[in-house]
Amino acid sequence: MNEKNRQNIILKELQNFRDKDFTFSSGHILGSMCTQPHPIAKKAYMNFLETNLGDPELFPGTKEIETKLISFISRLLNAPKTATGLIGSGGTESNITAIWLAKNLSKKREIIIPKSAHFSFQKIASMMDIKLIPVSLNQDYIINISNIRKKINHNTAAVVGVAGSTELGTIDPIPELSEICKDEDVFLHIDAAFGGFVIPFLKELGYKIPDFDFNLKGVSSISIDFHKMGYSAIPIGALIIRNERCLDEISVKTPYISRKKQTGVLATRSGGPVAAAYAVSEYLGMEGYKDLVKRCMNTTEYTVKKINDLGLDLILKPTMNVLGIKLKNSSKVVKKLTELGWKINDMDRLSAIRIVLMPHVTKKIIDDFMPNLEKACKEIGEL
Ligand code: 0PR
């Protein structure tokens, strides 16, 4: 068998596995915070497949792209001149790095998190011997601000606020958190892995939502993901840090590669996602992202109306393109919907299902989905 045939056989085998996957292009993935990346991402990614940002002396051009990408995201988040950024694999890595930094700066071991915080903080607790101090949510599913001051003490390494929560897309009262953390001189990390590419544009579109970025003086770092609403290819997120000076806390000496020190969690990492995210950000620009958010919000409002028309209730009015539909038996409804070919997330601790109105979810998809939701809900006795 010749070389080409062998390759084709392997590629065919891979395709057979791939055919078992759900696809964004089908529109049937309704519960994911990721999406089909912008087409330019794919081309850019492929061209940088062999590049390694763990050794930037070998790939100075790719490193330049990374620097430009960090500048773009810093502008989006109103970061000051003192700020710096680290590109990583996504929200989990950015959150790990932020808490690693806060722990080393403070030499303390407790972090205060809202009960809505992403499960990456559970990993952080176990990995770094950190104690989580969870704070209850109020009736709007955001952190109960009155409890924070009482919980800050001489062991507090950081407070975490969420700007775009995983389950409901809610935004904690970051201006108030910022004031408290500034007064108490405590590191404030904002997890905007999902909301970072939504909130700035919602504001421009006239939505009344609180500030969350570096304009608030108490904010120390922000996680933001390109592979969620940044419309780019997995895996890529950024951690922007207010003070470049603190980077030494999360750096190690690297005696045998060309750079003398390395900062952050990973060593070898691909320039592919960086090139892809840069291409998307250049192509769309701030206006393109604003249009994308506008489109997702239109679909969100359309979906809310359809859900209400069906006689179902939402957990709360959505802040962004994430919806929680209240159900008595959410897991049974999810199981039924899976049988019908729709992928939606079960949030059993909230007794709800989650729909994320990502760019691949159109009004037409929602029209196709609604009879399926109705069918599933009737069969399970929700309607
Ligand atoms: N912070 C927040 C607020 C998040 O929502 C997430 C992920 C993370 C951090 C962690 O980000 P990485 O997954 O990039 O490390 N939230 C999504 C979720 O748990 C991740 C996801 C995406 C899950 C697509 C499923 C899926 O199909 O829902």
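The rules behind the values
- Residues numbered from 1 in each chain as written.
- Predicted model: local features only at pLDDT ≥ 70, side-chain atom pairs only at ≥ 80, totals over all residues.
- Heavy atoms only, no water.
- Phe/Tyr/Trp six-rings, centres within 6.5 Å; stacked < 30°, edge-to-face > 60°.
- Helix = DSSP H or I, 4+ residues; strand = E, 2+ residues; numbered from the N terminus.
- Core = buried A, V, L, I, M, F, W, Y, C linked by side-chain atoms within 4.5 Å.
- Buried < 20%, exposed > 50% of the residue type's maximum accessible area, 1.4 Å probe, protein only.
- Domains from an automatic or database assignment.
- Contact = heavy atoms within 4.5 Å.
- Near = heavy atom within 4 Å.
- Polar contact = N/O pair within 3.5 Å; in protein donor to acceptor, adjacent residues only side chain to side chain.
- Areas by Shrake-Rupley, 256 points an atom, 1.4 Å probe, with all protein chains shown as cover.
- Nonpolar A, V, L, I, M, F, W, Y, C, P; charged D, E, K, R; others polar.
- Buried area = accessible area lost by both parts, 1.4 Å probe.
- Pairing = 2+ DSSP bridges.
- Axes fitted to C-alpha atoms, helices over the stretch in contact; angles between N-to-C directions.
- Arc of directions from axis to C-beta.
- Salt bridge = Lys/Arg side-chain N within 4 Å of Asp/Glu carboxyl O.

## Considering the packing of aromatic side chains
According to the stated counting rule, one finds five aromatic pairs in the structure shown. Here Phe 72 and Tyr 289 contribute two aromatic rings whose centre-to-centre distance is 6.2 Å and whose plane-to-plane angle is 40 degrees, an arrangement assigned as tilted. A residue pair is termed long-range when its members are at least 10 positions apart, and Phe 72 in helix 3 (residues 60-76) and Tyr 289 in helix 9 (residues 272-310) qualify at 217 residues. In textbook terms, an aromatic cluster arises when at least three aromatic residues are bridged by ring pairs, as seen for Phe 72, Phe 197, Phe 201, Phe 226 and Tyr 289.

## Notes on the nonpolar core
Counting 65 residues, the largest nonpolar core has Ile 73, Ile 190, Phe 194, Phe 197, Phe 226 and Tyr 289 as its most contacted members. It is helix 9 that provides the largest number of residues to this core, a total of 11 residues. Counting contributing residues, this core receives three or more from each of domain 1 (8-37 + 289-380) and domain 2 (40-281). If we skip the residues at most four places from it in the chain, Phe 197 touches Phe 72, Ile 73, Leu 76, Ile 224, Asp 225, Phe 226, Met 229, Gly 230, Tyr 289 and Val 293.

## A few points about the site of the ligand
Lining the immediate environment of the ligand, one finds 17 residues, of which Thr 92, Thr 166, Asp 191, His 227 and Lys 228 sit closest. Take Asp 191: an N or O atom from its side chain is 2.6 Å from a nitrogen atom of the ligand. Isolated, the ligand exposes 590 Å² of accessible area, and the fraction of that covered by the protein chains is 76%. If one sorts the elements of the shell around the ligand by residue count, helix 4 (residues 91-106) sits on top with three residues. Along the lines of polarity and charge, the residues of the shell around the ligand split into four nonpolar, nine polar and four charged.

## Details of the domain arrangement of the chain
As far as domains go, the chain holds domain 1 (8-37 + 289-380) and domain 2 (40-281). Using only C-alpha atoms to locate each centre, domain 1 and domain 2 end up separated by 27 Å. At the interface, 28 residues of domain 1 touch 35 residues of domain 2. Roughly 2700 Å² is buried in total at the junction of domain 1 and domain 2, and carbon and sulfur atoms are behind 73% of that figure. Area buried by domain 1 at its contact with domain 2 is led by Met 33, Tyr 289 and Met 320, which between them contribute 26% of it.

## Quick look at the sheet that holds strand 2 (residues 110-114)
Judged by pairing direction, the sheet is mixed, and its seven strands sit side by side in the order 1-7-6-5-4-2-3 without closing on themselves. Strand pairing shows two members of the sheet lacking a second neighbour, strand 1 (84-88) and strand 3 (131-135), which therefore form its edges. Put simply, the sheet's adjacent strands are angled 20 degrees from each other on average, direction ignored. Where strand 2 meets strand 3, five bridges bridge the pair, whose relative direction is parallel. Each residue of the ladder has a partner; that of Ile 113, found in strand 3, is Pro 134. Along the sheet, helix 5 (residues 120-128) makes contact with strand 2, strand 3, strand 4 (156-162) and strand 5 (187-191), crossing strand 3 at roughly 150 degrees. Packing of helix 7 (residues 174-184) onto the sheet brings it into contact with strand 4 and strand 5, and relative to strand 4 it is tilted by some 165 degrees.

## A short note on the side chain of Thr 299
Mapped onto the elements of the fold, Thr 299 is located in helix 9. Beyond its immediate sequence surroundings of up to four residues, Thr 299 is in contact with Leu 357, Val 361, Thr 362, Lys 363 and Ile 366.

## Focus on helix 5
What helix 5 keeps buried is the set Ser 120, Phe 121, Ile 124, Ala 125 and Met 128. Buried residues of helix 5, viewed axially, fall in a sector of 150 degrees; they line one side. Seen from the buried face of helix 5, the exposed residues on the opposite side, beyond 90 degrees, are Gln 122, Ser 126 and Met 127. Summarising the contacts, the buried residues of helix 5 are in contact with helix 4, strand 2, strand 3, strand 4 and strand 5. Of the residues trailing helix 5, Asp 129 is marked for its positive phi of about 55 degrees.

## Structural notes on the pattern of salt bridges
This structure, assessed with the given rule, holds 21 salt bridges. A salt bridge links Glu 184 to Arg 149, with the nearest nitrogen and oxygen atoms 3.4 Å apart. Placement of the pair is Glu 184 in helix 7 and Arg 149 in helix 6 (residues 148-151), with a sequence separation of 35 residues. Note on Glu 184: relative accessible area 34%, which makes it partly exposed. Judged by its relative accessible area of 40%, Arg 149 is partly exposed. A salt bridge links Lys 336 to Glu 379, with the shortest nitrogen-to-oxygen separation between them at 3.1 Å. One end of the pair, Lys 336, is in helix 10 (residues 330-339); the other, Glu 379, is in helix 11 (residues 363-380), and 43 residues separate them in sequence.

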